[in-house]
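# Results of the structural survey
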Amino acid sequence: MSLKIAYSPCPNDTFVFDAWAHGRVPDAPELDVTFADIDVTNGMAERGELDVLKVSYAVLPWVLDDYALLPCGGALGRGCGPLVLTREPGVDLTGRTVAVPSERSTAYLLFRLWAADAVPGGIGEVVVMPFHEIMPAVRDGKVDAGLVIHEARFTYGQYGLHSLADMGEHWEATTGLPIPLGAIIAKRSLGADTLRRLADAARASVRMAWDDPAASRPYVLEHAQEMDPAVADQHIGLYVNEFTHDLGVDGYAAVRGLLTRAAAEGLVPPLKPDALAFV
């Protein structure tokens with residue numbers, strides 16, 4: 001029986017899951033794939049809808065009773081944080097409207113932690129919209145600023161926009177840790193053996209993608225929403241790294257650090273002591 005999984009059509013996810021989704025990982029559980037934006041997958045996790053999901057680390061405090069965090073397959077890194085974009089440089093965001101991809105996203109938590117330091121007067125309204133609509137909304141004056149993720153780091157200049165602040169730079173400067181962005185979670189009810197098989201399959205799929213990048217190329221570009229292939233390569237290079245293969249000590253420290261700081265600010269519920277533990 002195949003397992004139902006949802007992840008984004010972004011190049012890092014399709015690169016990571018290509019070998020597994022196409023049956024090239026020996027002994028891996030079969031996957032029934034749904035593509036969805038991160039705000040949608042976060043909601044799926046909160047409703048317990050699928051077996052395996054790519055979600056924001058920020059949603060973990062709401063879902064870890066039912067889902068386990070896999071120690072691999074996700075997105076952490078350095079120099080890859082979300083950006084706050086504006087039409088003009090140096091804008092004061094006090095009382096301004098900001099578009100974000102999800103209020104349950106890691107990007108939003110990083111933004112709120114940054115704004116607590118950088119915008120003491122407080123931002124104004126927060127508007128949630130799909131990430132691919134944010135840059136046009138800022139450009140067209142529908143919002144005063146936008147919090148962007150993924151390949152927008154490489155393309156915002158095409159919209160005539162300016163980077164007001166890099167959330168990753170702020171996070172790394174204040175913690176020294178990598179930036180935790182996206183996590184892979186799986187239902188605890190699948191059982192410990194299946195969860196271990198899922199982690200093994202994710203690691204194997206990553207290794208196969210690294211060993212033969214050309215094999216994943218058709219899958220990546222098919223779902224990359226008309227993205228320039230060079231931008232897709234930059235995207236993969238930034239978000240698929242050693243933390244994708246294994247969270248490791250620094251990866252887990254980054255996740256705990258983010259969620260602990262966010263809980264202290266009242267942005268998320270506090271984690272239970274063993275909530276991040278794998279089987």
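Cut-offs used in this document
Residues numbered from 1 in each chain as written. Predicted model: local features only at pLDDT ≥ 70, side-chain atom pairs only at ≥ 80, totals over all residues. Heavy atoms only, no water. 1 Å grid on protein atoms, 1.4 Å probe; cavity = no way out; pocket = protein on both sides within 12 Å on 5 of 7 lines; lining within 4 Å. Points joined across faces, edges and corners; volume = space filled by probe spheres on them. Helix = DSSP H or I, 4+ residues; strand = E, 2+ residues; numbered from the N terminus. Axes fitted to C-alpha atoms, helices over the stretch in contact; angles between N-to-C directions. Parallel < 35°, antiparallel > 145°, perpendicular 65-115°, else oblique. Left-handed = near helix turned anticlockwise from the far one by under 90°. Contact = heavy atoms within 4.5 Å. Nonpolar A, V, L, I, M, F, W, Y, C, P; charged D, E, K, R; others polar. Buried < 20%, exposed > 50% of the residue type's maximum accessible area, 1.4 Å probe, protein only. Phe/Tyr/Trp six-rings, centres within 6.5 Å; stacked < 30°, edge-to-face > 60°. Lys NZ or Arg CZ within 6 Å of the ring centre and 35° of its normal. Salt bridge = Lys/Arg side-chain N within 4 Å of Asp/Glu carboxyl O.

### Remarks on the layout of surface pockets
In this structure, the largest pocket encloses a volume near 240 Å³. Around the largest pocket sit 13 residues that line it, and His132, Met135, Glu151, Thr155 and Tyr159 are the ones nearest its centre. When contributions to the lining of the largest pocket are tallied by element, the ones reaching two or more residues are α5 (131–139) and α6 (152–155). For the lining of the largest pocket, the leading source of residues is α5, giving three residues.

### What about the packing of helix α4 (residues 106–118) against helix α12 (residues 248–264)?
As a packed pair, α4 and α12 sit with axes 11 Å apart at the nearest point and diverge in direction by 55°. In terms of orientation, α4 lies oblique with respect to α12. Crossing hand, α4 versus α12: left-handed. Where α4 abuts α12, its residues Thr106, Leu109, Leu110 and Leu113 lie against Leu258, Leu259, Arg261 and Ala262. Residues that form the contact of α4 with α12 fall into these classes: six nonpolar, one polar and one charged.

### Quick look at empty space enclosed by the protein
The tally for this structure, following the rule as stated, stands at two cavities of 30 Å³ or more. By volume, the largest cavity amounts to about 280 Å³. The wall of the largest cavity is formed by 27 residues, among which Ile38, Ile149, His150, Leu181 and Gly182 lie closest to the centre. Elements that contribute at least two residues to the lining of the largest cavity include exactly α1 (11–21), α2 (38–47), β3 (52–56), α4 and β11 (179–187). Ranked by residues supplied to the lining of the largest cavity, first place goes to β3 with three residues. Residue composition of the lining of the largest cavity, by class: 15 nonpolar, nine polar and three charged. The space that makes up the second largest cavity amounts to roughly 30 Å³. Along the walls of the second largest cavity sit Pro9, Cys10, Pro11, Phe131, Glu151, His223, Ala224, Gln225 and Met227, which together make up its complete lining.

### Let's talk about the environment of Glu133
With respect to the helices, strands and loops of the structure, Glu133 is situated in helix α5. Assessed through its relative accessible area of 38%, Glu133 is described here as partly exposed. Along the primary structure Glu133 and Pro61 are separated by 72 residues, whereas in three dimensions their C-alpha atoms are 27 Å apart.

### Here's the deal with the packing of aromatic side chains
Taken as a whole and judged by the stated rule, the model has six aromatic pairs. Ring centres of Tyr7 and Phe17 lie 4.4 Å apart, and the angle between their planes is 10°; this geometry places the pair in the stacked category. Of the two residues, Tyr7 is situated in strand β1 (residues 3–7) and Phe17 in helix α1; the sequence distance between them amounts to 10 residues. Overall, Tyr7 belongs to the buried group, its relative accessible area being 1%. The rings of Tyr7, Phe17, Trp20, Phe35 and Tyr219 are connected pair by pair, giving a single aromatic cluster. Stacked on the ring of Trp62, the Lys or Arg Arg104 has its end atom at 3.7 Å from the ring centre.

### Digging into the pattern of salt bridges
One pass over the full model with this rule turns up 12 salt bridges. A salt bridge links Arg24 to Asp18, with the shortest nitrogen-to-oxygen separation between them at 2.4 Å. The exposure class of Arg24 is partly exposed, given its relative accessible area of 35%. A salt bridge links Asp246 to Arg203; the shortest N-O distance between them is 2.7 Å. In this pair, Asp246 sits in the loop between α11 (242–245) and α12 while Arg203 sits in helix α8 (residues 192–211), placing the two residues 43 residues apart along the sequence. According to the relative accessible area criterion, Asp246 is partly exposed, its value standing at 32%. Looking at Arg203, the relative accessible area reads 18%, which means it is buried.

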